[in-house]
Amino acid sequence: MPDRKTRIRRAVSRTPLAPLAALPKRLVRVAKHDAGVLRESARWLIKSREHHNYTYDLTALNREHLAWFVSVVGDAPVGQVREWMAEIEADTALRTHIEQTTATAARRGLADKTVRYARRLGWYALIRAAKPAHVVETGVDKGLGTCVIASALLRNAAEGHPGRVTSLDINPEAGYLAKAQPWASVVDLVIGDSIASIGALDRPVDLFLHDSDHSAAHELREFTAVEPKLSERALLLTDNVTVTRVLSQVAEKTGRRFLAFREEPAHHWYPGDGIGAAWR
Ligand SMILES: C[S@@+](CC[C@H](N)C(=O)[O-])C[C@H]1O[C@@H](n2cnc3c(N)ncnc32)[C@H](O)[C@@H]1O
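Bear in mind the structure is a predicted one, so any value in this text is a computation, not a measurement. All residue numbers refer to position in the chain's written sequence, counted from 1. Per-residue local features of the predicted model are confined to residues with pLDDT of at least 70, and side-chain atom pairs are confined, for both listing and counting, to 80 or more; whole-chain, interface and lining totals are unaffected and use all residues. Computation of side-chain values covers all heavy atoms of the structure but excludes hydrogens and water.

1. Focus: the overall build of the protein chain
Alright, step 1. A run of DSSP states H or I qualifies as a helix once it reaches four residues; a run of E qualifies as a strand once it reaches two. Both are numbered from the N-terminal end. The helix and strand inventory of the protein chain stands at 11 helices and 7 strands.
Alright, step 2. Burial statistics for the protein chain: of 280 residues in total, 48% are counted as buried.
Alright, step 3. Any pair of residues with heavy atoms lying within 4.5 Å of one another is described as a contacting pair. Contacts in the protein chain between residues far apart in sequence, at least 24 positions, make up 70% of those at least 6 positions apart.
Alright, step 4. Computed by Shrake-Rupley with a 1.4 Å probe, the accessible areas treat only the displayed protein chains as cover when residues are assessed. Of the roughly 14,500 Å² of accessible surface on the protein chain, 58% is carried by carbon and sulfur atoms.
Alright, step 5. A residue counts as positive if it is Lys or Arg and as negative if it is Asp or Glu; His and the chain ends are not included. Here the site of a charge means atom NZ of a Lys, CZ of an Arg, CG of an Asp or CD of a Glu. Here the protein chain contributes 39 positive and 33 negative side-chain charges, whose respective centroids are spaced 11 Å apart. In this scheme, a residue with accessible area under 20% of its type's maximum is buried, one over 50% is exposed, and one in between is partly exposed, where area comes from a 1.4 Å probe on protein chains only.

What follows is the structure, given as structure tokens:
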């Protein structure tokens, strides 16, 4: 027979007082979690200069999940995907270019010195897998993603699969990282509203990435505008997948498959973005 203490605990657990009895234990759990977030937030406030479009690394486990996500969406062996992800991280020419250009840019006060790609590793590996002739990226900001995309296209070209990226942004100052060679040799930077720029595209789009105005209405306008421009097996990506259902709904309407990856940033307060993918 259980002792008196155990009998009381069990009796309490069956009453409305149960949550109160467990309060100290629950308090410790949540305080530990919140203290971790506060610690990372304080560290970031002191060390980082970024005020939007945050950069960070992914946790090791999250990175592995990203490799499997790319493997499924890009129909490539996961070992090969891991090699592509390692390839961009080992690209010291690109890393040095980004570090040096960031250090001398007019907007250097708003950028961190360390180069961190996070979900852009997935963009890179998907482009290595799909070998697209024409990528369209909406939303360029400094041009970090554009450089990552251009690097994948240059590697594809060296293996006999040339391609270009059309990068669209409304801000005339966007894309300063992507203006240096060799990356600029495969980048067409177009300044203007993305809907008008998509309407003016004159070549089929093999891979489309939404990363501009993240309102659901604008995201839907972009996917609607690009639909008639897509090649038969085009891959659609969104950076907005943790916020809206736009791409999953587009996928359902157009008979595509859909999958979402959610980031888990390492040592950062930000909960992360993600990659939504729709493909046939
Ligand atoms: C999140 S940032 C892009 C990040 C970038 N892809 C990267 O990898 O770092 C969003 C960008 O979208 C641009 N933008 C916002 N509204 C836009 C619109 N209607 N058309 C084109 N670009 C737009 C902003 O100027 C900003 O540079």
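2. Here we look at the packing of helix α4 (residues 60-73) against helix α5 (residues 78-89)
Alright, step 1. Two numbers describe how α4 lies on α5: the axes approach to 9 Å, and their chain directions differ by 120 degrees. One finds that α4 runs oblique with respect to α5. With respect to the hand of their crossing, α4 and α5 are arranged in right-handed fashion. Residues Arg63, Glu64, Leu66, Ala67, Trp68, Val70 and Ser71 of α4 form the contact with α5, whose own contacting residues are Val78, Val81, Arg82, Met85, Ala86 and Glu89.
Alright, step 2. Under the scheme applied here, ten amino acids are nonpolar (Ala, Val, Leu, Ile, Met, Phe, Trp, Tyr, Cys and Pro), four are charged (Asp, Glu, Lys and Arg), and all others, including Gly, are polar. Looking at the contact of α4 with α5, its residues break down into 8 nonpolar, 1 polar and 4 charged. Here, axes are lines fitted to C-alpha atoms. For helices the fit covers the stretch in contact, and angles between N-to-C directions go from 0 to 180 degrees. In this scheme, roughly parallel covers angles under 35 degrees and roughly antiparallel covers those over 145, while 65 to 115 is roughly perpendicular and the rest are oblique. Rotating anticlockwise by less than a right angle from the far helix to the near helix defines a left-handed crossing, while the corresponding clockwise rotation defines a right-handed one.

3. Details of the domain arrangement of the protein chain
Alright, step 1. Domains assigned within the protein chain are domain 1 (4-44) and domain 2 (48-279).
Alright, step 2. Relative placement of domain 1 and domain 2: their C-alpha centres are 41 Å apart.
Alright, step 3. Facing the 5 residues of domain 1 at the interface are 6 residues of domain 2.
Alright, step 4. Here the buried area means the combined drop in accessible surface, using a 1.4 Å probe, for two parts upon being joined, counting both sides. Of the roughly 560 Å² buried between domain 1 and domain 2 on both sides combined, carbon and sulfur atoms contribute 56%.
Alright, step 5. Per-residue buried area on domain 1 facing domain 2 is highest for Glu40, Arg43 and Trp44; these three make up 88% of the total on that side. Domain delimitation in this document rests on an assignment produced automatically or drawn from a domain database.

4. Description of the site of the ligand
Alright, step 1. Note on terminology: near, applied to a residue and a molecule or strand, indicates that one of the residue's heavy atoms is within 4 Å of it. Not every one of the 18 residues close to the ligand is listed here, only the nearest: Asn53, Gly139, Asp169, Asp193 and Asp211.
Alright, step 2. With respect to the ligand, the side chain of Asn53 contributes an N or O atom lying 2.9 Å from an oxygen atom.
Alright, step 3. Definition of a polar contact: a pair of N or O atoms within 3.5 Å, with one able to donate and the other able to accept a hydrogen when the atoms are protein atoms, and with sequence-neighbouring residues admitted only if both atoms are side-chain atoms. For the ligand, a nitrogen atom lies 2.7 Å from a polar atom in the side chain of Asp211.
Alright, step 4. In isolation the ligand exposes 610 Å². Once the protein is present, 86% of that is buried.
Alright, step 5. Split by residue class, the shell around the ligand holds 3 nonpolar, 8 polar and 7 charged.

5. Remarks on α5
Alright, step 1. Taking 1.5 Å of rise per residue, the 12 residues of α5 would be expected to cover 16 Å, and the 17 Å separating its terminal C-alpha atoms lies within 8% of that figure.
Alright, step 2. Among the residues making up α5, those that are buried are Val78, Val81, Trp84, Met85, Glu87 and Ile88.
Alright, step 3. In the core, the buried residues of α5 are packed alongside α4, α6 (92-104), α7 (120-130) and α8 (144-158). Given a helix with a known number of residues, its expected span is that number minus one, times 1.5 Å.

6. What to know about the packing of aromatic side chains
In this description, an aromatic ring pair is defined by two values, namely the gap between the centres and the angle between the planes.
Alright, step 1. Between the rings of Phe, Tyr and Trp (Trp by its six-membered ring), a pair exists once the centres lie within 6.5 Å; its type follows the angle of the planes, with under 30 degrees stacked, over 60 edge-to-face, and the other angles tilted. Applying the stated criterion across every chain yields a total of 8 aromatic pairs.
Alright, step 2. Consider the rings of Phe69 and Phe261, whose centres lie 5.9 Å apart with planes at 45 degrees: the pair is tilted. One end of the pair, Phe69, is in helix α4; the other, Phe261, is in strand β6 (residues 257-262), with 192 residues separating them in the sequence. Of the two residues, Phe69 and Phe261, both sit in the buried class.
Alright, step 3. Their ring planes at 80 degrees and their centres at 5.6 Å tell us that Trp269 and Tyr270 sit as a pair that is edge-to-face.

7. Focus: helix α10 (residues 216-226)
Alright, step 1. For α10, every residue scored as buried is listed here: His218, Glu219, Glu222, Phe223, Ala225 and Val226. Each buried residue of α10 lies within a common arc of 165 degrees when the element is viewed along its axis, so the set occupies one face. The arc in question is formed by the directions pointing from the helix axis toward the C-beta atoms.

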